[in-house]
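# Chains, contacts and geometry: an overview
These are the residues of each chain, in order.
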Amino acid sequence: MAAMSQNRVMETSRRFDPVSIFGAVRRVSALGVEIDDRLAALTIGDRVAIETKAGPLRAEIVGAEEGFALALPFGSLTGVARGAPAAFLNGGAHIAPSAAWLGRVVDGFGRPADGKGPLPSGPRLRSLKSGPPPAQQRARQGGPIDFGVKALDVFTPARIGQRLGIFSGAGVGKSALLGMIARHTASDVSIIALIGERGREVREFLEDHLGADGLARSVVVVATSDEPAMVRREAAYLAMTLAEHFRDEGADVLCLMDSLTRVAQAQREIGLAAGEPPTAKGYTPSVFSLLPSLIERAGPGADNGEAGAVSAVFSVLVEGDDHDEPIADAARATLDGHIVLDRRIAERGRLPAVDILRSVSRSMPGALSDERAALVRDVKMLASSYEDMREMVRIGAYRAGGDPTLDRAIAIHDELEEFLSQNIEECVSADDAFVRLAEILEKGEPQ
């Protein structure tokens, strides 16, 4: 009877528009806020506004039990008290982006963070947690992307609509390589998400890597490492929603996210607060469902002749230089390719420190001609031969003539290393890169 009475109350309340429903805070802890929900009106993902001395504090429902719901805040819990009113907002988060957002820097909620005034709203309201188009209705990947970075265009060639990951430990050059991609890649629109990174890096990225011209065709989403986990995750949803908006407008979009690992760490905090059990290295099960749900939102749009595509590059921080740790392994399984940066290469002074033998693009067959693919195979074979015998060559234990393949590898090694090096400001087209690589390989031919 009680359940039937409750259902009738809820049905009656839905007849009125708008509906205002309030609860009260029943418990506050370091992990979140419990809110009375005797009407069972709240569902996972709903938003509430909790009254505090400093003003309303927004929070999201991440758990529900009989009689109450657990909410995690988007800000500090300072000032939240038992009994504080909590207004139930209508549904989850939505934004209405427009072309006027280009050239702007926003926070994780889509609010201006650059001091340039309000952001004009577009005509269409979009949910931050929408899904990708159905797999069978998505278009195929498009033509090759020219990153302007020799090591990538030659050894991990990508196509429009592809999703790549940059994998490395801390301090090996992920952000610098992302900056090169942002500056040199030709795209209609760039969506750049700086999530969980150091606050000082934001201006450095905008001014040193992106530049005024790059910013003019970009929207930059910022959620630094000191912000709550909910905000960091929200920034990731916002970035993908913005990319989808411009894709559906027919644009070819480049989406860069630095870093996917920080998003996973934010979801781990949220999952633990919601009572999920820790599994692999403390990551909760929801982390491993969040990663593919974000990654799959990138890619080609619907196959209707009107939508564009989202080409995405995600940086993945490999903890302890262990490339088999859970987040790296899960991301690599979902992405269409991975670019590996090696600390030993960086310590030798070659930047970007791309390990061409461990980096893979799953779309390589469709991105290169047969002639160029054969050239890449030959160079990789020689590079692998040299790497196997590197120590023997270094100490002088190998004598020329013992192995013709190794002799060729030694002959081209120095020039290949120079070829793979590239300054941040330098942009080299894929065509020019392949011409130069062919010249290097020809010099290694036996006389």
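All values reported here derive from a predicted model rather than from experimental measurement.

Let us look at helix H6 (residues 260-273). The end-to-end C-alpha separation of H6 is 20 Å, in line with the 20 Å expected for 14 residues at 1.5 Å each. All of the buried residues along H6 are Leu260, Thr261, Val263, Ala264, Gln265, Ala266, Gln267, Ile270, Gly271 and Ala273. Following H6 by one or two positions, glycine 275 has its phi on the positive side, about 95°.

In this section: the sheet that holds strand E3 (residues 47-52). The strand order around the closed barrel built from six strands is E1-E2-E5-E4-E3-E6, with neighbouring strands paired in antiparallel fashion. Neighbour to neighbour, the strand axes of the sheet diverge by 40° on average, direction disregarded. In this structure, strand E4 (residues 55-65) lies alongside strand E5 (residues 68-73), joined through six bridges in antiparallel fashion. Among the inter-strand pairings, glutamate 60 is bridged to a residue of E5, identified as leucine 72. On top of the sheet, helix H5 (residues 229-248) reaches E3, E4 and E5; it is set at about 85° to E4, its chief contact.

Pairing of strand E1 (residues 21-29) with strand E6 (residues 85-88), which is carried by four bridges, proceeds in the antiparallel orientation. Note that in E6 the partner of phenylalanine 22 across the bridge is alanine 87. With three bridges connecting them, E3 and E6 associate as antiparallel partners. Residue pairing across strands places alanine 49 opposite alanine 87, the latter belonging to E6.

Our focus in this paragraph is the environment of alanine 411. Relative to the helices and strands, alanine 411 is located in helix H13 (residues 404-420). You can call alanine 411 partly exposed: its relative accessible area is 48%. Spatially, the C-alpha atom of alanine 411 lies 35 Å from that of leucine 335, the residues being 76 residues apart in sequence.

Moving on, we get to the packing of helix H11 (residues 370-388) against H13. Axis separation between H11 and H13 bottoms out at 8 Å; the angle between their running directions is 100°. Here H13 runs roughly perpendicular to H11, going by the angle between their axes. Contacts from Val379, Met381, Leu382, Ala383, Ser385 and Tyr386 in H11 reach Thr405, Leu406, Arg408, Ala409, Ile410, Ile412, His413 and Leu416 in H13. In terms of residue class, the contact of H11 with H13 is made up of ten nonpolar, three polar and one charged.

Cut-offs applied
Residues numbered from 1 in each chain as written. Predicted model: local features only at pLDDT ≥ 70, side-chain atom pairs only at ≥ 80, totals over all residues. Heavy atoms only, no water. Helix = DSSP H or I, 4+ residues; strand = E, 2+ residues; numbered from the N terminus. Expected span 1.5 Å × (residues − 1). Buried < 20%, exposed > 50% of the residue type's maximum accessible area, 1.4 Å probe, protein only. Pairing = 2+ DSSP bridges. Axes fitted to C-alpha atoms, helices over the stretch in contact; angles between N-to-C directions. Contact = heavy atoms within 4.5 Å. Parallel < 35°, antiparallel > 145°, perpendicular 65-115°, else oblique. Nonpolar A, V, L, I, M, F, W, Y, C, P; charged D, E, K, R; others polar.

Read these as layout, nothing more, since geometry by itself doesn't imply function.
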